[in-house]
There are 2 protein chains.
Amino acid sequence: MADAPRSGDEERTAVVRRIPEATVARLPLYLRSLFELAAADVTTVSSERLADLCGVNAAKVRKDLSHLGSYGTRGVGYDVGVLLSQISRELGLTQDWAIAIVGLGNLGHALANYRGFGARGFRIVGLFDADPARVGELVAGIRVRHVDDLPHVAAETPIAIGIIAVPAAVAQQVADRLVEAGVVSILNFAPAIITVPERVSLRKVDLSIELQILSFYSQRRAAKGDATATEATA
Amino acid sequence: MADAPRSGDEERTAVVRRIPEATVARLPLYLRSLFELAAADVTTVSSERLADLCGVNAAKVRKDLSHLGSYGTRGVGYDVGVLLSQISRELGLTQDWAIAIVGLGNLGHALANYRGFGARGFRIVGLFDADPARVGELVAGIRVRHVDDLPHVAAETPIAIGIIAVPAAVAQQVADRLVEAGVVSILNFAPAIITVPERVSLRKVDLSIELQILSFYSQRRAAKGDATATEATA
DNA sequence: GCATGTGAATAGATTCACAGCG
DNA sequence: CGCTGTGAATCTATTCACATGC
């Protein structure tokens, strides 16, 4: 469904666990449910129970978790705390990632104020906009800087993840600037296809595409007399 | 990757074209590029060119389009206008879909003001919030109503698509209310797993999951010396 | 006994490579 | 000749079913 991660050299000293892309996309889901279980002081969970909580199939949970190693106990289940830390480590959430948001329109504001960043692993270190009227404004306690300052800021505090929340027309040039500033992961909210060097990870979130997909299934359902369900955005 | 649409009875009068889920997710992508081509007065496009514009592989484009029927001309390519209307029809964008947004925090505001709704096929017919302080407010020219009014509003103007932009803790109950009000498609922005009856289509957009996936690949890249790229959210 | 972990079976998506047609 | 349309090959993901081990 997406470009698969490619490894430069297949032969390495140790076994480089290759975690399937589909599995990676589900780990955050498991993590969230595990946090909820931990908050409720549940210490052990079966694949069945976890699967229910996440809305997936139990066999899938077991296979996914088996890619991380064997952290379950037969006849018992998985230790919630152990799984939490294994998945967190696997996802790289034990370190924290510096985030910059470019574009502070409605969406940029919403993203900047999003709770759950600081929560675990992510920290906003920069807000940028090209509109002089917005520069200097305080959003979520952070001062908005001009996008031209991106290189300066990035030189001081390296930025790991860049979030693009600008109009489609300028998305590509913002991406280019982010890449130039050393950003290695980009999350694009602009409804435009952007390209980045191969070494940079790129994901996109596109509202209108989601709506159109829903439209397709709605129509399909209306046409036949029958039900249809879809889950998404893995 | 997601639950596949299931058809209730496989045997039907005519050949019910079964369009693969992965293809459905790409059609909106093609559509966007086709609009751009049309705007630039380009009348014909090859699978190769379209693939470039969308960042996919040419064979994939051809196979995807072949699921809609044969609308290309060998040796020439596809007619932009014809493809536009075929894909629009297939996605159900020739009718327009009534949308309601529940939750008018930062994100809800951003969504309500999102340009590209009215653009094609989608029209916001209701904004709802549970906070009395927000009720009555005018957002994007529409008055916010209390979520308790949902049934009334839906009875007058049927709502096809519900967008959930409320905190995770209340996402499920909002979903339940939407379903009860007759909504058949839901787009969930809350970071929570919600369940709906099988007849209802559900997709989700989850910022923190996207970030965690990027984190995974960033860490992976840091660990090895090598590059990794991912594309997402189909 | 019971739930994990995993080979084997199945399903789905992508890519290849080329026949077929304008 | 050039590009579509598509079978066949490949790769990826899901699901089944059961041996394994606590």
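## Brief notes about the overall build of chain A
Logical step 1: Tallying secondary structure elements over chain A gives 8 helices and 10 strands in all.
Logical step 2: Counting every position in chain A, which comprises 234 residues, the buried fraction comes to 50%.
Logical step 3: Within chain A, residue pairs in contact and separated by at least 24 positions form 52% of the contacts whose partners lie at least 6 positions apart.
Logical step 4: Accessible surface, chain A: about 10500 Å² in total, of which carbon and sulfur atoms supply 51%.

## Regarding helix 4 (residues 80-91) of chain B
Residue and element names in this part refer to chain B.
Logical step 1: Look at helix 4: 16 Å from first C-alpha to last across 12 residues, which is about the 16 Å you get at 1.5 Å a residue.
Logical step 2: For helix 4, every residue scored as buried is listed here: Val 80, Leu 83, Leu 84, Gln 86, Ile 87, Ser 88, Glu 90 and Leu 91.
Logical step 3: Where helix 4 begins, the capping side chain belongs to Asp 79, and its oxygen is found 3.0 Å from the backbone nitrogen of Gly 81.
Logical step 4: Trailing helix 4 by a residue or two, Gly 92 shows a phi angle of about 80°, which is positive.

## Observations regarding the packing of aromatic side chains
Residues and elements named next belong to chain A.
Logical step 1: One pass over the full model with this rule turns up 2 aromatic pairs over all chains.
Logical step 2: Between Phe 216 and Tyr 217, the aromatic rings sit 5.0 Å apart at their centres with planes inclined by 90°, giving edge-to-face as the arrangement. Per residue, the accessibility class of Phe 216 equals that of Tyr 217, and both read buried.

## Some details on the protein's contact with DNA strand C
Logical step 1: In the neighbourhood of DNA strand C, 26 residues make up the surrounding shell, with A:Ser47, A:Arg62, A:Gly72, A:Tyr78 and B:Arg26 lying closest.
Logical step 2: Protein-adjacent atoms of DNA strand C, using a 4 Å cutoff, are sugar or phosphate at a proportion of 64%.
Logical step 3: One of the backbone nitrogen or oxygen atoms of A:Ser47 is found 2.5 Å away from a phosphate oxygen of DNA strand C.
Logical step 4: Measuring from a phosphate oxygen of DNA strand C, one finds a side-chain N or O atom of A:Tyr78 at 2.7 Å.
Logical step 5: At the level of secondary structure, the elements contributing two or more residues to the surface near DNA strand C comprise helix 3 (58-66), strand 2 (72-73) and strand 3 (77-79) of chain A together with helix 1 (21-39) and helix 3 (58-68) of chain B.

## Let's talk about the sheet that holds strand 1 (residues 44-45) of chain B
Residues and elements named next belong to chain B.
Logical step 1: Spatial ordering of the open sheet is given by 1-3-2, a layout of 3 strands whose pairing is antiparallel. The sheet is open, and its two borders are formed by strand 1 and strand 2 (72-73), each paired with just one other strand.
Logical step 2: Bridge count between strand 1 and strand 3 (residues 77-79): 2 bridges; the pairing is antiparallel. Along strand 3, the bridge assignment pairs Thr 44 with Asp 79.

## Points about the pairing of strand 9 (residues 185-188) of chain A
Residue and element names in this part refer to chain A.
Logical step 1: Burial along strand 9 is two-sided: the residues Ser 185 and Leu 187 and Ile 186 and Asn 188 are all buried.
Logical step 2: Note that strand 8 (residues 161-164) and strand 9 share 4 bridges and pair parallel. Paired with Gly 162 across the two strands is Ile 186, which belongs to strand 9.
Logical step 3: By the bridge criterion, 4 bridges tie strand 9 to strand 10 (residues 201-204) in an arrangement that is parallel. Residue pairing across strands places Asn 188 opposite Lys 204, the latter belonging to strand 10.

## Considerations on the protein's contact with DNA strand D
Logical step 1: Taken together, 28 residues are adjacent to DNA strand D, and A:Arg26, A:Arg74, B:Ser47, B:Arg62 and B:Tyr78 come closest.
Logical step 2: Protein-adjacent atoms of DNA strand D, using a 4 Å cutoff, are sugar or phosphate at a proportion of 58%.
Logical step 3: In the model, a base oxygen of DNA strand D is placed 3.4 Å from a nitrogen or oxygen of the A:Lys63 side chain.
Logical step 4: B:Arg74 places a polar side-chain atom, nitrogen or oxygen, 3.2 Å from a base oxygen of DNA strand D.
Logical step 5: Contributing elements (two or more residues each) for the surface near DNA strand D: helix 1 (21-39) and helix 3 of chain A together with helix 3, strand 2 and strand 3 of chain B.
Logical step 6: For the surface near DNA strand D, the element with the most residues is helix 3 of chain A, which contributes 4 residues.

## Side note on helix 1 of chain A
Logical step 1: Between its first and last C-alpha, helix 1 of chain A extends 28 Å over 19 residues, near the 27 Å set by a 1.5 Å rise per residue.
Logical step 2: At A:Leu27, helix 1 of chain A shows its largest kink, close to 25°, and the proline A:Pro28 lies no more than four residues downstream.

## Side note on the packing of helix 1 of chain A against helix 3 of chain A
All names here are of chain A.
Logical step 1: Their axes nearest at 10 Å, the elements helix 1 and helix 3 cross at an angle of 105°. Relative to helix 3, helix 1 is oriented roughly perpendicular. Seen from helix 1, the contacting residues are Thr 23, Arg 26 and Tyr 30; seen from helix 3, they are Lys 60, Val 61, Asp 64 and Leu 65.
Logical step 2: Taken together, the residues of the contact of helix 1 with helix 3 sort by class into 3 nonpolar, 1 polar and 3 charged.

Criteria and thresholds
Residues numbered from 1 in each chain as written. Chains lettered and ligands numbered in written order. Predicted model: local features only at pLDDT ≥ 70, side-chain atom pairs only at ≥ 80, totals over all residues. Heavy atoms only, no water. Helix = DSSP H or I, 4+ residues; strand = E, 2+ residues; numbered from the N terminus. Buried < 20%, exposed > 50% of the residue type's maximum accessible area, 1.4 Å probe, protein only. Contact = heavy atoms within 4.5 Å. Areas by Shrake-Rupley, 256 points an atom, 1.4 Å probe, with all protein chains shown as cover. Expected span 1.5 Å × (residues − 1). Polar contact = N/O pair within 3.5 Å; in protein donor to acceptor, adjacent residues only side chain to side chain. Phe/Tyr/Trp six-rings, centres within 6.5 Å; stacked < 30°, edge-to-face > 60°. Near = heavy atom within 4 Å. Pairing = 2+ DSSP bridges. Bend = angle between axes of the 7 residues up to and from the residue. Axes fitted to C-alpha atoms, helices over the stretch in contact; angles between N-to-C directions. Parallel < 35°, antiparallel > 145°, perpendicular 65-115°, else oblique. Nonpolar A, V, L, I, M, F, W, Y, C, P; charged D, E, K, R; others polar.

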